[in-house]
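Tertiary structure, described
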Amino acid sequence: MREDTTLRPVQTSANGYLCKNFNGMSAEHLSEQEQLRRNTLNQIREAGIDPYPPEAVEVTHTAAGITAGFDDSSEERLSVAVAGRLMGKRIMGKASFAELHDHTGRIQLYFNRDEICPGDDKWKYNDFFKKMIDRGDFISVKGFVFKTQVGEISIHVEEFTLLGKSIKPLPFPKTDEEGKTYDAFTDPEQRYRQRYVDLVINREVRDTFVKRTKVIDTMRRFFNEAGYLEVETPILQPIPGGATARPFETHHNALNMPLYLRIANELYLKRLIVGGFDGVYEFARNFRNEGMDRTHNPEFTIMEIYVAYKDYKWMMEFTENMLERVVTAVNDKPEVRIGDNTISMKAPYRRLTMTDAIKEYTGVDITGMDEAALRNACKDLGIETDPSMGKGKLIDEIFGEKCEGNLIQPTFITDYPIEMSPLCKKHRDNPELTERFELIINGKEIANAYTELNDPIDQRERFEEQLKLSQKGDDEAMFIDHDFLRALEYGMPPTSGLGIGIDRLVMLITGNASIQEVLFFPQMRPEKKAVMAGPADFVAIGVPEAWAEHVIAAGFNNVENLRKEKPTAVHQKLNGFRKKNKLDVPTLQLDEVEAWMA
RNA sequence: GAUUCCGUAGCUCAGCUGGUAGAGCAAUACACUUUUAAUGUAUGGGUCCUGGGUUCGAGCCCCAGCGGGAUCACCA
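Residues numbered from 1 in each chain as written. Chains lettered and ligands numbered in written order. Predicted model: local features only at pLDDT ≥ 70, side-chain atom pairs only at ≥ 80, totals over all residues. Heavy atoms only, no water.

**Some points on the overall build of chain A**
Just so we agree on the cut-off: Helix numbering and strand numbering both begin at the N terminus, where a helix is a DSSP run of H or I of at least 4 residues and a strand a DSSP run of E of at least 2. Throughout this description, buried means an accessible area under 20% of the type-specific maximum (1.4 Å probe, protein chains only), exposed means over 50%, and partly exposed covers the range between. By the convention used here, residues are in contact when the closest approach between their heavy atoms is within 4.5 Å. Working definition of accessibility: Shrake-Rupley area with a 1.4 Å probe, residue cover restricted to the visible protein chains.
Helix and strand counts for chain A come out as 21 helices and 22 strands. Looking at chain A as a whole, 46% of its 598 residues are labelled buried. Considering only residue pairs separated by 6 or more positions, chain A has 62% of its internal contacts joining residues 24 or more positions apart. Roughly 31200 Å² of accessible area belongs to chain A as shown, and the carbon and sulfur atoms make up 50% of that amount.

**Things to note about the packing of aromatic side chains**
Stated precisely, the cut-off is as follows: Each pair of aromatic rings taken from Phe, Tyr and Trp, with Trp reduced to its six-membered ring, is defined by centres within 6.5 Å and is described as stacked if the planes are under 30 degrees apart, edge-to-face if over 60, and tilted in the remaining cases. Charge-over-ring placement is defined geometrically: NZ (Lys) or CZ (Arg) within 6 Å of the ring centre, and within 35 degrees of the ring normal.
Applying the stated rule across the entire model yields 21 aromatic pairs. Ring geometry for Phe 412 and Phe 437: centres 4.9 Å apart, planes at 75 degrees, overall edge-to-face. In this pair, Phe 412 sits in strand E18 (residues 411-414) while Phe 437 sits in strand E19 (residues 436-441), placing the two residues 25 residues apart along the sequence. Taking the relative accessible area as the measure of exposure, Phe 412 reaches 0% and is therefore buried. Residue Phe 437 is classed as buried on the basis of its relative accessible area, which comes to 0%. Between the aromatic rings of Phe 520 and Phe 521, the centroid separation amounts to 6.1 Å while the plane-to-plane angle is 40 degrees, which identifies the pairing as tilted. Through successive ring pairs, a cluster of aromatic residues spans Phe 222, Phe 223, Tyr 228, Tyr 281, Phe 283, Trp 314 and Phe 318. If you follow Lys 89 out to its NZ or CZ, it ends over the ring of Phe 129, 5.1 Å from the centre. The aromatic ring of Phe 172 is capped on one face by Arg 135, whose charged end is 3.8 Å from the ring centroid.

**Considering the sheet that holds strand E12 (residues 257-261)**
Put simply, the test is: Two strands qualify as a pair provided DSSP detects at least 2 bridges between them.
Pairing is antiparallel across the open sheet formed by three strands, whose spatial order is E10-E12-E11. Because the sheet does not close on itself, it has two edges, and the strands there are strand E10 (236-237) and strand E11 (249-252). Pairing of E10 with E12, which is carried by two bridges, proceeds in the antiparallel orientation. Across the sheet, residue Leu 236 finds its bridge partner in E12, namely Leu 261.

**Some words on the pattern of salt bridges**
Quick note on the threshold: The rule for a salt bridge is simple: a side-chain nitrogen of Lys or Arg has to be within 4 Å of a carboxyl oxygen of Asp or Glu.
The final tally for this structure, using the stated rule, is 38 salt bridges. Put simply, Arg 37, Asp 134, Asp 137 and Lys 165 are held in one network by salt bridges that share partners.

**Quick word on the environment of Leu 433**
With respect to the secondary-structure elements, Leu 433 resides in the loop between E18 and E19. Considered as a pair, Leu 433 and Glu 419 are 14 residues apart in the sequence and their alpha carbons are 8.5 Å apart. Excluding its chain neighbours within four sequence positions, the residues that come into contact with Leu 433 are Asp 415, Tyr 416, Pro 417, Ile 418, Lys 426 and His 427.

**Concerning the sheet that holds strand E5 (residues 138-147)**
The criterion, for reference: For helices, the axis comes from a line fit to the C-alpha atoms of the stretch in contact; other axes are also lines fit to C-alpha atoms, and the angle between any two N-to-C directions lies between 0 and 180 degrees.
Strands sit in the order E2-E3-E4-E6-E5 around a closed barrel of five strands; the barrel is mixed. Averaged over all adjacent pairs, the angle separating strand axes in this sheet is 55 degrees, with direction ignored.

**Examining the protein's contact with RNA strand B**
Going by this rule: Think of it this way: one heavy atom of a residue within 4 Å of a molecule or strand is enough to make that residue near it. Polar contacts here mean pairs of N or O atoms no more than 3.5 Å apart (in protein, one a potential hydrogen donor and the other a potential acceptor; neighbouring residues in sequence count only if both atoms are side-chain atoms).
In the region of RNA strand B, 52 residues are neighbours, and Gln 108, Gln 149, Asp 183, His 296 and Arg 504 sit closest. Among the atoms of RNA strand B lying within 4 Å of the protein, the sugar-phosphate backbone contributes 52%. In this structure, a base oxygen belonging to RNA strand B sits 2.8 Å away from a side-chain N or O atom of Arg 90. Lys 94 is positioned with one of its side-chain polar atoms (N or O) 3.4 Å from a base oxygen of RNA strand B. For the surface near RNA strand B, the secondary-structure elements that each account for two or more residues are helix H2 (32-46), strand E2 (79-92), strand E3 (95-102), strand E4 (105-112), strand E7 (174-175), helix H6 (188-193) and strand E22 (528-530). If one sorts the elements of the surface near RNA strand B by residue count, H6 sits on top with four residues.

**Digging into the nonpolar core**
Here is the rule: To define a nonpolar core, start from buried Ala, Val, Leu, Ile, Met, Phe, Trp, Tyr and Cys residues and group those joined through side-chain atoms within 4.5 Å.
In this structure, Met 219, Phe 223, Met 303, Ile 305, Leu 498 and Leu 505 are the most contacted members of the largest nonpolar core, which totals 43 residues. Ranked by the residues each element gives to this core, the list is headed by helix H10 (residues 312-331), at nine residues. Ignoring anything within four residues of it in the chain, the contact list for Phe 223 reads Tyr 228, Tyr 281, Met 303, Ile 305, Phe 318 and Met 322.

**What to know about helix H15 (residues 482-490)**
Let me state the cut-off plainly: The directions considered for the arc are those from the helix axis to the C-beta atoms.
For H15, the set of buried residues is Phe 484, Leu 485, Ala 487 and Leu 488. All buried residues of H15 lie within an arc of 155 degrees about the axis, which places them on one face of the element. Structural note: H15 exposes His 482 and Tyr 490 on the side pointing more than 90 degrees away from its buried face. A distance of 3.2 Å separates the backbone nitrogen of Asp 483 from a side-chain oxygen at the start of H15, and that oxygen is part of Asp 481. Remark: Gly 491 follows H15 within two positions and exhibits a positive phi of approximately 110 degrees.

**So, the pairing of strand E20 (residues 444-451)**
Two strands pair when backbone bridges link them, and E19 and E20 are joined in this way by six bridges, in the antiparallel orientation. Bridging from a neighbouring strand, Leu 439 pairs with Ala 447 of E20. Linkage of E19 to E20, two consecutive antiparallel strands, is achieved through a turn of two residues, within which Asn 442 is found at a positive phi near 55 degrees. Pairing of E20 with strand E21 (residues 495-501), which is carried by five bridges, proceeds in the antiparallel orientation. When the sheet's bridge partners are listed, Asn 448 is paired in E21 with Gly 499.

Encoded structure:
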């Protein structure tokens, strides 16, 4: 095997962006089936039919609408026009059955030769329909609704049109009478990389995403009804604030300065509260330059809302009412089933302070413990610690290890240690705690909320604490945002803020264990492929069409590879190859070969 | 980042101790007027992930790499 056929990343441009020409003609080896479909495409064109016609298509009914609304007893014929993707064909001589999928579901089509072709010319059925229409093609049909002998509501086709030819065969899973599925399209890599195929083949995947949108719609409606304003804030930020995480860095050319993709939008939303809005919220795409796994994607969505003149106690009620409504909207009842657990999302949810949670699950009362005592407690509980951990971190460790996973039913955990929460107001009863809650469902954090810190002096001190952590080597500690401090100095009303991880919430509601299942296009490593040329690439540089495939057969896998050699060597090699294999193509002249090298 | 498993036809997968690359579905051709995993007969289809090594001989053994899954660590 030649050195230049080795794998290399698809992306090769200087800026590192994906730039591969995915046009199969030039870059990919075509399977037999793909080649056949291309041939079919040509035959269709030769027959004078445009396989990709431009006209808008008349659609009067949907698949689901027809099956739901068909009245068997009616004498009157229901005429329909539907469009969609052909998902299967069963040919039986002069009659055929086919399956059409539209955005609402599937409907069976019945084709009869003598009705498609009333005259003597049976081309449209025998050749066009039977041989040139493939699974995967988009077609539209006109006809009337009827019920087959087997009892399936179907469309008796009187007329059909090809709308968009498919030249790559789709996977073909099948389900038998017992509901057993064969050849399922299940490989996660392929499903995520080619989500369009996943959506076509695995219908239930579509439902997950419809639910996702429903979750967001319902939340938006809930906030709007309460009178709060949906806003947009910068994604490109000079200071990536509002959370502790490593940001993605980019560069603005005109300003010649670094910019960061936001890790959170919190500080901007609070500026808007300073500006006098009563309540603002944003469904924000955030970016964090950290590990990827089944619960983390580099970009993800958090809904954040800030409401003036409220505290975290009010926010708990607001949150549980909202979630009850969201889950009811999606699942028709305030319930989520996860494995063997049924989770009731009906408000109100249990409230438990962090101290009480630890007492409940470990028997240890951490009230009044200093750092050394907490470290001992960790040791007794078999929790590993390291010297850099402060009081807050130690408490958080105990909670994370011993409590969080046990909290299946929705539970508000309140009153977090102050070290963990640099943007949160000190607790009204205990200066070591903050007015913060997290909502834990099914052992996982779903929401995080504060009574927001609006004391500018306190906020500045908290930022400085973070700066110290940063100098100690914590690369996730927060930056100081001086403009945000200036905003607070002008005065911010008491405010409560809530953040909900939308991806995680959708995972919970749809019962998916991985974030990749609730993102249309989860981040993946770049696809790698051997760079192989097709005949078209060689034709493009002037190689005669008759020669193109032989050039490849002679060992030139791509144009670059051929141009590396001297024209004389290529000339001799190819003519030698022609002679050896007795090819029926004209011999090459040296000046011809030289012309390819330009 | 660590551990571990996996990568074979368009899809799902088998492949023995290292000895000519297999099945079902899909495709192609023919038959068939109410099927529904349609059926019957026939045919074609392979970069065994990539590169290197051992060997007379590698899908299989060894090394390295790439990609993916699972578990763990960090994080939301």
